[in-house]
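The residues making up each chain are set out below.
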Amino acid sequence: MAKGFGAKQAEQLGYILDLMPEVNAYAGKFSLDFPGGDHDDIFIGIVGQLADAQIWKTQKLAKQAIEQYYADVILQQLDAAEAIRVNIKRVERSSDNELKTEVVETLHFYREQP
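Residues numbered from 1 in each chain as written. Predicted model: local features only at pLDDT ≥ 70, side-chain atom pairs only at ≥ 80, totals over all residues. Heavy atoms only, no water.

## Focus: the sheet that holds strand β5 (residues 99-110)
Part 1 of the reasoning: What the five strands build is an open sheet, ordered β3-β2-β1-β4-β5; its pairing is antiparallel. The open sheet terminates on both sides in strands that have one partner only, identified here as β3 (46-47) and β5.
Part 2 of the reasoning: Summarising the sheet, strand β2 (residues 25-27) and β3 pair through two bridges and their orientation is antiparallel. Paired with Y26 across the strands is V47, a residue of β3.
Part 3 of the reasoning: Seen against the sheet, helix α1 (residues 59-69) touches β1 (11-20), β4 (83-93) and β5 and runs at an angle of roughly 45 degrees to β5. (Pairing = 2+ DSSP bridges. Helix = DSSP H or I, 4+ residues; strand = E, 2+ residues; numbered from the N terminus. Contact = heavy atoms within 4.5 Å. Axes fitted to C-alpha atoms, helices over the stretch in contact; angles between N-to-C directions.)

Structural data, given as structure tokens:
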């Protein structure tokens, strides 16, 4: 039998930001729509479901999104903590159609001392 014959291979989807790894709070999909929302703006928020997380094609794009979209979230967290971490995770869809993640990089942010 040929290698992989009849078995669906895992598919890498891209990279996500886990903005609060302690509770798996992900950067939300830009296309999420909520009743009463302004349809001209993209959604910049945090979601608790992996299926609702924004997926970037490359790890570099995920890193850039921190600065472009989520700097305020990080600064707010630093108001309440000395340091925080953000995980960049690789996301893939397994052969049984489950989303699986793996941490590929952890970024640490520290409150500036006066």
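## Quick word on the pairing of β1
Part 1 of the reasoning: Sheet topology note: the β1/β4 ladder contains seven bridges and is antiparallel. Bridged to E11 within β4 is R93.
Part 2 of the reasoning: Here two bridges tie β1 to β2, and the two strands are oriented antiparallel to one another. What sits directly across from M20, in β2, is A25.
Part 3 of the reasoning: The hairpin turn running from β1 into β2, its antiparallel successor, is four residues long, and N24 in that turn takes a positive phi close to 50 degrees.

## Looking at helix α2 (residues 71-80)
Part 1 of the reasoning: Restricting attention to buried positions, one finds in α2 the residues V73, I74, Q77 and L78. All buried residues of α2 fall inside an arc of 135 degrees around its axis, so they share one side. Facing away from the buried side of α2, by more than 90 degrees, are the exposed residues D72, L75, Q76 and D79.
Part 2 of the reasoning: The secondary structure elements touched by the buried residues of α2 are β1, β3, α1, β4 and β5. (Buried < 20%, exposed > 50% of the residue type's maximum accessible area, 1.4 Å probe, protein only. Arc of directions from axis to C-beta.)

## Comments concerning the side chain of E105
Part 1 of the reasoning: Here E105 shows up in strand β5.
Part 2 of the reasoning: Apart from the residues lying within four places of it in its own chain, the contact partners of E105 are Q59, K63, V86, N87 and I88.

## Some thoughts on the pairing of β5
Part 1 of the reasoning: Note that β4 and β5 share eleven bridges and pair antiparallel. Each bridged residue has a counterpart across the sheet, and for I84 the counterpart in β5 is F109.
Part 2 of the reasoning: Between β4 and β5, which follow one another and run antiparallel, lie five residues, and N97 among them has a positive phi close to 70 degrees.

## Points about the pattern of salt bridges
Part 1 of the reasoning: Tallied over the full model, the rule gives four salt bridges.
Part 2 of the reasoning: In this structure, the salt-bridge partner of K63 is E105, at a minimum N-O distance of 2.9 Å. Of this pair, K63 sits in helix α1 while E105 sits in strand β5; the two residues are 42 residues apart in sequence, bridging distant segments of the chain.
Part 3 of the reasoning: R111 is paired through a salt bridge with E82; the nearest N and O atoms lie 3.7 Å apart. With R111 in the segment after β5 and E82 in the loop between α2 and β4, this residue pair connects regions lying 29 residues apart in the sequence. (Salt bridge = Lys/Arg side-chain N within 4 Å of Asp/Glu carboxyl O.)

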